[in-house]
Amino acid sequence: AQRVTQPEKLLSVFKGAPVELKCNYSYSGSPELFWYVQYSRQRLQLLLRHISRESIKGFTADLNKGETSFHLKKPFAQEEDSAMYYCALSGSARQLTFGSGTQLTVLP
Amino acid sequence: GAGVSQTPSNKVTEKGKYVELRCDPISGHTALYWYRQSLGQGPEFLIYFQGTGAADDSGLPNDRFFAVRPEGSVSTLKIQRTERGDSAVYLCASSLQGAFNTGELFFGEGSRLTVL
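Residues numbered from 1 in each chain as written. Chains lettered and ligands numbered in written order. Predicted model: local features only at pLDDT ≥ 70, side-chain atom pairs only at ≥ 80, totals over all residues. Heavy atoms only, no water.

K.L.:
Explanation requested: the overall build of chain B in the structure shown.
P.N.:
The helix and strand inventory of chain B stands at zero helices and 11 strands. Secondary structure of chain B in N-to-C order comes out as β-β-β-β-β-β-β-β-β-β-β. Each principal axis of the C-alpha distribution contributes one length, and for chain B these read about 40 × 25 × 25 Å. Split into buried and exposed, the 116 residues of chain B put 47% on the buried side. Summarising the internal contacts of chain B: among those between residues at least 6 apart in sequence, 54% fall at separations of at least 24. When the accessible surface of chain B is split by element, carbon and sulfur atoms take 47% of a total near 5,500 Å². In chain B, 11 positive and 12 negative side-chain charges are present, and the distance between their average locations comes to 8 Å. (Helix = DSSP H or I, 4+ residues; strand = E, 2+ residues; numbered from the N terminus. Buried < 20%, exposed > 50% of the residue type's maximum accessible area, 1.4 Å probe, protein only. Contact = heavy atoms within 4.5 Å. Areas by Shrake-Rupley, 256 points an atom, 1.4 Å probe, with all protein chains shown as cover. Lys, Arg positive; Asp, Glu negative; His and termini not counted. Charge placed at Lys NZ, Arg CZ, Asp CG, Glu CD.)

Laid out in structure tokens, this is it:
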């Protein structure tokens, strides 16, 4: 079975402060990990994927297989980063398993 | 249209009634997914189509739920004898065949179902 845990339902930071959204997973094989984001009144959309090792909108995420984590980080949060963030895992099945999400609020 | 389209956007029904939710994926996307999102939770997988066939229906909670995609494009999620616990936002997503490992699913805005 595959499982994704996001321990924080709500996270608030001030503009310009660093932000880290936590994600832990459980999967016996070699997973693919993703972060999806949903801005207010918009659709759920892909933010980044670990296989690309890319930085999107200043966000990065590193897969740590030893700690089974895929935390999302940004060194300087912006107000437009306020959104709901979902960590997701793809295992052998061709479908994504999502965490319960973290609502990020960046305060001015 | 440019994106995944879902209808209706909102549906209120009474317990025991039958409901159909429709999804029109992005043109050319052969893979189609249905997810259900309850309040305060992340999307929960229901079923995945590759073309016309259901490649994985392991997420359907019971036999009251059924989905079809007869021509490999539009899909309909059907719920019989609705229960209050079925109240949720039902999300549809599509992706290009063979592109799944990129993880890029394109989601619709969802159909909010309320069972009274």
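K.L.:
Could you clarify how one ought to interpret the pattern of salt bridges in this entry?
P.N.:
Pairing of side chains with opposite charge becomes possible as their charged atoms draw close. Under the definition given, this model contains eight salt bridges over all chains. In this structure, the salt-bridge partner of D81 of chain A is K74 of chain A, at a minimum N-O distance of 2.8 Å. Residue D81 of chain A is classed as buried on the basis of its relative accessible area of 3%. Note that R64 of chain B is salt-bridged to E83 of chain B, the shortest N-O span being 3.6 Å. Note that R64 of chain B is positioned in the loop between β6 (53-56) and β7 (65-68) and E83 of chain B in the loop between β8 (75-79) and β9 (88-95), a separation of 19 residues in sequence. Residue R64 of chain B is classed as buried on the basis of its relative accessible area of 6%. Residue classification places E83 of chain B among the partly exposed positions, given a relative accessible area of 39%. Put simply, E20, K22 and K73 of chain A are held in one network by salt bridges that share partners. (Salt bridge = Lys/Arg side-chain N within 4 Å of Asp/Glu carboxyl O.)

K.L.:
Would you explain the packing of aromatic side chains in this entry?
P.N.:
Two aromatic rings, taken as a pair, are described by how far apart their centres are and by the angle between their planes. Within this structure, the stated rule accounts for nine aromatic pairs over all chains. Taken together, a centroid distance of 5.5 Å and an interplanar angle of 70° make the contact between Y36 of chain A and F98 of chain A edge-to-face. In this pair, Y36 of chain A is assigned in strand β5 (residues 32-38) and F98 of chain A in strand β10 (residues 96-98), connecting sequence segments 62 residues apart. Judged by relative accessible area, which is 0%, Y36 of chain A ranks as buried. With relative accessibility at 8%, the residue F98 of chain A sits in the buried group. Between Y86 of chain A and F98 of chain A the ring centres are 6.4 Å apart and the planes differ by 90°, which places this aromatic pair in the edge-to-face class. With Y86 of chain A in strand β9 (residues 83-90) and F98 of chain A in strand β10, this residue pair connects regions lying 12 residues apart in the sequence. Of the aromatic side chains, those joined through ring pairs into one cluster are Y36, Y86 and F98 of chain A together with Y35, F45 and F107 of chain B. (Phe/Tyr/Trp six-rings, centres within 6.5 Å; stacked < 30°, edge-to-face > 60°.)

K.L.:
Where do I start with the sheet that holds strand β3 (residues 19-21) of chain A in this structure?
P.N.:
Think of a sheet as strands paired side by side through backbone hydrogen bonds, with each pair either parallel or antiparallel. All names here are of chain A. The strand order across the open sheet formed by three strands is β3-β8-β7, and the pairing between neighbours is antiparallel. Lying at the two open borders of the sheet, with one neighbouring strand each, are β3 and β7 (60-61). When β7 meets strand β8 (residues 72-74), the two strands line up antiparallel, connected through two bridges. The partner of A61 across the bridge, within β8, is L72. (Pairing = 2+ DSSP bridges.)

K.L.:
Got a minute to help me understand the environment of V115 of chain B in this structure?
P.N.:
All names here are of chain B. Positionally, V115 belongs in strand β11 (residues 111-115). For the pair V115 and D57, spaced 58 residues apart in the sequence, the C-alpha separation amounts to 23 Å. Excluding anything up to four places from it in sequence, V115 contacts T13, E14, K15, T82, E83, R84, D86 and S87.

K.L.:
I'm lost on the side chain of T13 of chain B in this one. Help?
P.N.:
All names here are of chain B. The topology assignment puts T13 in strand β2 (residues 10-13). Judged by relative accessible area, which is 8%, T13 ranks as buried. Ignoring sequence-local partners within four residues, the contact set of T13 consists of V19, T82, L113, T114, V115 and L116.

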